[in-house]
Amino acid sequence: MPEGPSIVLLREEAARFKGRRILRATGNAKIDMSRLAGQKVTDLRSWGKHFLVELPQVAVRVHFLMFGSYSIDARKDREPRLQLAFRNGEINFYSCAVKLLEGALDDTYDWTADVMSDTWDARAACRKLRGMPRTFVCDALLDQEVFSGVGNIIKNEVLFRVRVHPLSTVGALPAAKLRAVVREARRYSFEFLEWKRAFVLRKHWLVHNKGICPNCEGKLTRAWLGKTDRRSFFCERCQKRYGTARLPAGAQRPGKTRMRKKTA
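Parameters and conventions
- The numbers attached to residues start from 1 for each chain and follow its sequence in the written order.
- Selection of residues for local features in this predicted model requires a pLDDT of at least 70, selection of side-chain atom pairs for listing and counting requires 80 or more, and totals for whole chains, interfaces and linings are taken over all residues.
- Heavy atoms from the whole structure form the basis of all side-chain values; hydrogens and water molecules are not counted.
- Each patch is built from salt-bridge-free residues with over 30% relative accessible area, joining like charges within 9 Å and nonpolar side chains (Val, Leu, Ile, Met, Phe, Trp, Tyr) within 5 Å.
- Surface accessibility follows the Shrake-Rupley procedure with a 1.4 Å probe radius. Residue values consider only the protein chains on display as shielding.
- Only one rule defines a salt bridge in this text: a Lys or Arg side-chain nitrogen within 4 Å of an Asp or Glu carboxyl oxygen.
- The charged-residue count follows a simple rule in which Lys and Arg add positive charge and Asp and Glu add negative charge, with His and chain termini not counted at all.
- Lysine's charge is taken at NZ, arginine's at CZ, aspartate's at CG and glutamate's at CD.
- Numbered from the N terminus, helices here are DSSP runs of H or I no shorter than four residues, and strands are runs of E no shorter than two.
- Burial classes follow relative accessibility: with a 1.4 Å probe on protein chains only, a residue under 20% of its type's maximum area counts as buried, one over 50% as exposed, and anything between as partly exposed.
- Residues are said to line a cavity or pocket when one of their atoms sits within 4 Å of a point; the points come from a 1 Å grid over protein atoms alone, cavities being sets where a 1.4 Å probe fits but cannot get out and pockets being open sets with protein on both sides within 12 Å along at least five of seven lines.
- Grid points are joined across faces, edges and corners, and a volume is the space filled by probe spheres set on the points.
- Asp, Glu, Lys and Arg are counted as charged, while Ala, Val, Leu, Ile, Met, Phe, Trp, Tyr, Cys and Pro are counted as nonpolar; the rest, among them Gly, fall into the polar class.
- The rule for pairing is simple: two strands pair if DSSP sees at least two bridges between them.
- Only C-alpha atoms enter the line fits that serve as axes; for helices the fit covers just the stretch in contact. Angles between N-to-C directions range over 0 to 180 degrees.
- Residue contacts are defined here by distance: any two heavy atoms, one from each residue, within 4.5 Å place the two residues in contact.
- Each angle gets one of four labels, with under 35 degrees taken as roughly parallel, over 145 as roughly antiparallel, 65 to 115 as roughly perpendicular, and the rest as oblique.
- Each crossing gets its handedness from the near helix: less than a right angle anticlockwise from the far helix is left-handed, clockwise is right-handed.

S.K.: Before we move on, could you go through a positive patch on the surface and cite the residues and values that matter?
M.R.: A contiguous patch of positive charge on the surface is contributed by Arg123, Arg127, Arg130, Arg179 and Arg183. For the positive patch, the secondary-structure elements that each account for two or more residues are helix H3 (122-130) and helix H6 (175-197). Element by element, the count of residues in the positive patch is highest for H3, at three residues. Topologically, Arg179 is positioned in helix H6. With a relative accessible area of 47%, Arg179 lands in the partly exposed category.

In structure tokens, the structure reads:
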């Protein structure tokens with residue numbers, strides 16, 4: 001799943017289309033394409049994992065979901081969900097959700113919740129967290145109303161950095177640890193962005209998709225945790241568990257394979 005920093009990169013790559021008029025809008029998205037053709041792009045914005053194309057009377061929201069992707073001035077071997085063609089190029093979106101948004105984007109989005117935004121409000125994030133004391137911290141970090149743009153990679157790396165077990169409950173975290181989670185979520189997101197720009201992101205992963213703890217050299221645990229049921233990588237020795245939650249039965253550990261049932 002693309003995370004917030006990746007959408008910022010898309011916004012930067014697509015910047016040359018700002019101020020340009022859409023010549024053609026096609027694709028298999030269930031939207032009224034006729035509302036887009038002929039319209040001038042007034043702004044390109046991002047909020048968390050949403051890419052936003054702002055037009056005079058409507059905005060296009062692209063949500064990349066789990067497997068979304070895009071290409072600029074290139075096409076894949078399948079029909080795009082949305083293609084926007086301009087005189088100076090085109091942008092294609094695949095395997096994503098596309099929606100038209102009415103009204104001002106400032107009335108729709110809380111920009112202070114976006115970890116990549118200049119208006120990010122760490123104090124507001126702390127207040128929101130204190131209002132969800134029974135939530136697992138692994139779920140809280142993926143809550144887009146609190147940490148818009150944080151995804152699974154950022155979640156795993158942040159929790160290792162602050163030495164907090166993913167099954168800690170938010171209400172059990174000491175105040176200093178709570179602030180550390182908030183601080184590192186933003187800090188790591190910007191480091192993610194710089195590493196992604198330099199094509200070295202994977203080289204900087206400490207625990208995500210890894211097997212050995214870089215701190216104690218013990219084996220890392222892998223498990224699908226929390227209500228979000230997303231994969232976590234963590235060290236039972238180095239990451240302290242705050243609260244009384246325990247690993248669910250069947251959680252994957254090193255050396256074992258957890259098979260998921262196929263659904264129709």
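S.K.: Which residues make up empty space enclosed by the protein, and what values go with them?
M.R.: In this approach a probe as big as a water molecule rolls over the atoms, and the regions it shows empty are the leftover space. Considering all chains together, one arrives at one cavity of 30 Å³ or more under this definition. As a volume, the largest cavity reaches approximately 50 Å³. Lining the largest cavity, in full, are Ala14, Phe17, Val41, Leu44, Phe51, Val53, Leu84, Phe86, Ile91 and Phe93. Looking at the lining of the largest cavity, the elements that each hand over two or more residues are strand S3 (50-54), strand S6 (82-86) and strand S7 (89-94). Per-class residue counts for the lining of the largest cavity are 10 nonpolar, no polar and no charged.

S.K.: With reference to specific residues and values, describe the pattern of salt bridges.
M.R.: Tallying each qualifying case throughout the model produces 13 salt bridges. A salt bridge links Asp106 to Arg45; the shortest N-O distance between them is 3.1 Å. Of this pair, Asp106 sits in helix H2 (residues 105-108) while Arg45 sits in strand S2 (residues 43-47); the two residues are 61 residues apart in sequence, bridging distant segments of the chain. The shortest N-O distance in the salt bridge between Arg187 and Glu184 comes to 2.8 Å. Here Arg187 and its partner Glu184 are both found in helix H6, three residues apart, which amounts to about one turn of the helix. Within the structure, one salt-bridge network assembled from shared partners comprises Arg161, Glu184, Arg187 and Glu191.

S.K.: So what's going on with the sheet that holds S3? Residues and values would help.
M.R.: Spatially, four strands are ordered S2-S3-S4-S8 in an open sheet, and the strand pairing comes out antiparallel. The open sheet is flanked by S2 and strand S8 (97-101), the only strands paired with a single partner. Sheet twist, expressed as the mean angle between neighbouring strand axes with direction ignored, is 20°. Both S2 and S3 contribute to a ladder of five bridges, which runs antiparallel. By the bridge assignment, Arg45 is partnered in S3 with Leu52. With respect to the sheet, helix H1 (residues 4-13) is in contact with S2 and S3, its orientation differing from that of S2 by roughly 175°.

S.K.: So, helix H5 (residues 152-161): which residues are in play, and what are the values?
M.R.: Of all the 10 residues making up H5, nine are buried; the element is thus mostly covered by neighbouring parts of the structure. Turning to H5, the residues buried within the fold contact H1, helix H4 (137-140), H6 and strand S10 (230-234). Where H5 terminates, the next one or two residues include Arg163, which has phi positive at roughly 60°.

S.K.: Tell me about unusual backbone geometry, and please be specific about residues and values.
M.R.: Although it is not a glycine, Asp73 sits at a positive phi angle of roughly 60°. By secondary structure assignment, the location of Asp73 is in the loop between strand S5 (69-72) and S6. For Asp73, a relative accessible area of 44% corresponds to the partly exposed category.

S.K.: Which residues make up the packing of H1 against H6, and what values go with them?
M.R.: The N-to-C vectors of H1 and H6 enclose an angle of 50°; their axes lie 9 Å apart at closest approach. Comparing their axes, H6 and H1 come out oblique. Once H1 is placed against H6, the crossing between them reads as right-handed. For the pair H1 and H6, the contacting residues are Pro5, Ser6, Val8, Leu9 and Glu12 in the first and Ser189, Phe192, Leu193, Lys196 and Arg197 in the second. Split into classes, the residues belonging to the contact of H1 with H6 amount to five nonpolar, two polar and three charged.

S.K.: Got a sec to walk through the layout of surface pockets? Specific residues and values, please.
M.R.: Taken as a whole, the second largest pocket encloses approximately 240 Å³ of empty space. Forming the boundary of the second largest pocket are 14 residues, of which Arg11, Ser46, Met116, Ser117 and Asp118 lie nearest the centre. Elements that contribute at least two residues to the lining of the second largest pocket include exactly H1, S2 and H6. It is S2 that provides the largest number of residues to the lining of the second largest pocket, a total of four residues. Split by residue class, the lining of the second largest pocket holds six nonpolar, three polar and five charged.

None of this, on its own, says anything about what the molecule does.
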